[in-house]
Structure formats: C-alpha cells, structure tokens
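# Structural overview
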Amino acid sequence: MIDHYDWAGGREAMLRFGPAGGPVVVAALPLFEEANRTRSFVVTILRLLAARGIAGALPDLPGQGESLVPTHGSSLLKMQDGFNFACDRFDREGRPCYALGLRSGALLDALAPVAGRWHLAPQDGAQLLRELSRIKQAELGGEPLGDSWYLGGHLPTDAGAPPVEIAGTLIAPGLLSALRIQTPFHAPGTPRRVVRLASDPGPADRKIEGSPLWRRAEPDNDPVLAALLADDLAAWIRTCES
C-alpha cells in the first residue's frame with residue numbers, strides 16, 4: 001500500500017506492508033542509492049516479514065527515492081528527522097517500531113523512537129565518505145584528492161557552498177562533511193542486532209552466506225538471502241516483544 005508521512009519539511013511517500021496492528025519494521029536504504037541497487041531487495045524482505053505477520057514500512061526520506069527534496073538540498077539531519085517522523089506516526093498509534101538499516105542506512109535511525117535496531121552490513125560515515133572519494137578520484141582520472149576536497153575552500157557550515165557531483169548525483173558538501181564523524185547509533189538499553197555477510201570481516205551477532213547486492217553494477221535481488229534475513233529479523237523481534 002502507498003501511504004505517506006508528514007515531517008517538518010513537508011510530506012513524503014511511504015510504502016506499507018503487512019498487518020494494521022503490532023510491531024512495525026521501518027527500513028532505511030543506503031544513502032545515495034540512485035541506482036536503486038538494494039530497493040527491490042529490501043521490499044522483498046518487508047513482504048516476507050508481512051507473510052510472517054510483521055508489518056513493515058519503507059519511507060522515502062528527504063533527498064532519497066521519489067522525495068520532492070533534491071539530494072543536494074538534503075542533509076544527514078533532515079534524513080534522520082524524516083525517519084524519526086515516519087516512526088513517530090506508528091509510535092503515536094502505540095505500535096512498537098524496529099529500525100531496519102542497510103549499509104549506511106544504519107546512520108539514519110539515531111533520532112527515531114524505536115524499540116530496537118536491526119542493522120545489515122552497517123557502514124559508518126567515514127567508510128562511506130572514503131568510498132565516495134574513491135569514486136570521485138576515478139572520475140577525475142586518478143587525481144589525488146585532499147581530505148576535504150568536497151568543500152572547495154568553503155567552511156563546512158557554509159550554506160552557499162556549491163553541491164558536489166559524484167557518479168551523477170549532486171550532494172551538499174555539508175552532508176559529506178557530517179559523514180566524517182557519523183556512526184550507527186546504539187542507545188544503552190535499546191536492543192541492537194548486527195547481521196553481516198560471511199565475507200564481511202566486521203563484528204556481527206550473526207554472519208550469513210550471500211552475495212553483496214550493493215557491489216553489483218546493476219540493481220538485482222536475492223530472494224533466498226532475503227528469506228534468511230526475514231527469518232532472522234522476525235525471530236529477533238518476537239524475542240524483543242516477549
């Protein structure tokens with residue numbers, strides 16, 4: 001079902017799945033997923049959760065998906081605020097929210113009133129910034145970049161700084177600067193589960209065999225992996241709710 005949520009900057013679309021009561025999994029896609037490499041995969045997970053009796057939602061955050069806010073007009077705080085308002089809609093109905101953060105999407109649930117956080121292959125902001133810097137360096141023919149190449153001589157807080165184009169996407173320099181210190185949020189007393197692929201050396205509560213869809217050149221899906229992850233997420237939520 002296509003729905004919406006309101007936030008301080010306007011109204012954004014939100015896909016809804018599953019029952020009208022009980023806990024809700026609210027998903028955050030990786031930042032700058034203009035190629036939509038993981039959207040189908042996350043939608044598949046949410047549909048499988050719905051088949052297991054757990055509701056899900058995939059909001060378009062400010063500057064992502066079909067949002068009316070352009071990517072270069074958004075910021076990390078606006079995206080976090082949008083996710084907060086999407087979760088708050090269910091929280092006001094008395095329904096516990098669980099955040100599903102994929103890759104850098106795990107950076108977006110810090111402000112949200114969630115009962116737990118389930119992160120798949122979480123990535124901190126510095127890691128994402130290094131990836132974006134490598135992409136930009138390749139676009140410039142391998143020309144070395146300085147530590148703050150995206151600022152172009154402007155201060156990090158300078159609203160007049162022009163956006164930076166990376167792989168065809170215009171991004172605000174302030175957003176890139178904010179990534180340097182951003183890490184996935186872990187609030188004391190709030191459950192957090194980290195799942196990674198077996199090839200990922202990072203720490204995790206569980207590792208699962210599978211291929212990283214976010215590394216592929218084109219959007220793809222993996223229903224078998226999605227089913228394994230939906231089972232893990234559903235079991236974890238039921239444990240949290242018991």
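The text that follows walks through the structure, step by step, so that each part is easy to find. (Residues numbered from 1 in each chain as written. Predicted model: local features only at pLDDT ≥ 70, side-chain atom pairs only at ≥ 80, totals over all residues. Heavy atoms only, no water.)

A few words now on the environment of W149. Assignment of secondary structure puts W149 in the loop between α3 (125-139) and β7 (164-166). According to the relative accessible area criterion, W149 is buried, its value standing at 17%. Put simply, W149 and D220 are 71 residues apart on the chain and 32 Å apart in space, counted from C-alpha to C-alpha. The contact partners of W149, leaving out residues within four places of it in the chain, are S133, K136, V164 and I166. (Helix = DSSP H or I, 4+ residues; strand = E, 2+ residues; numbered from the N terminus. Buried < 20%, exposed > 50% of the residue type's maximum accessible area, 1.4 Å probe, protein only. Contact = heavy atoms within 4.5 Å.)

Considering all chains together, one arrives at 15 salt bridges under this definition. Notably, a salt bridge pairs R215 with E131, separated by 3.2 Å at the nearest N-O pair. Of this pair, R215 sits in the loop between β10 (206-208) and α5 (223-241) while E131 sits in helix α3, placing them 84 residues apart in sequence. Taking relative accessible area as the criterion, R215 reaches 54% and is therefore assigned exposed. Close ionic contact of E139 with K136 constitutes a salt bridge, the shortest N to O distance being 3.8 Å. Taken together, the residues E139 and K136, both in helix α3 and three residues apart, mark about one turn of the helix. The exposure class of E139 is partly exposed, given its relative accessible area of 41%. Residue classification places K136 among the buried residues on the basis of a relative accessible area of 16%. Ionic contacts of the salt-bridge type, sharing partners, join the residues D3, R16 and R89 into one network. (Salt bridge = Lys/Arg side-chain N within 4 Å of Asp/Glu carboxyl O.)

This paragraph deals with the nonpolar core. Residues V26, L31, F32, F83, L175, L176 and L179 are the most contacted members of the largest nonpolar core, which totals 37 residues. Looking at this core, the elements that each hand over two or more residues are β1 (2-7), β3 (24-28), β4 (55-59), α2 (76-91), β5 (97-102), α3, β7 and α4 (173-179). The dominant element in this core, judged by the number of residues it contributes, is α2, at six residues. Residue contacts for L31: discarding those within four places in its chain leaves Q64, L76, M79, S104, G105, L108, L128, L175 and L179. Membership of the second largest hydrophobic core comes to 31 residues, among which are V42, L46, I54 and L100. (Core = buried A, V, L, I, M, F, W, Y, C linked by side-chain atoms within 4.5 Å.)

A few words now on the packing of aromatic side chains. Applying the stated rule across the entire model yields two aromatic pairs. Measuring from ring centre to ring centre gives 5.6 Å for Y98 and W236, while their planes differ by 75°; the resulting arrangement is edge-to-face. Separated by 138 residues along the polypeptide, Y98 in strand β5 and W236 in helix α5 bring together distant segments of the chain. Arranged with centres 5.4 Å apart and planes meeting at 85°, the rings of W149 and Y150 form a pair that is edge-to-face. The exposure class of Y150 is buried, given its relative accessible area of 3%. (Phe/Tyr/Trp six-rings, centres within 6.5 Å; stacked < 30°, edge-to-face > 60°.)

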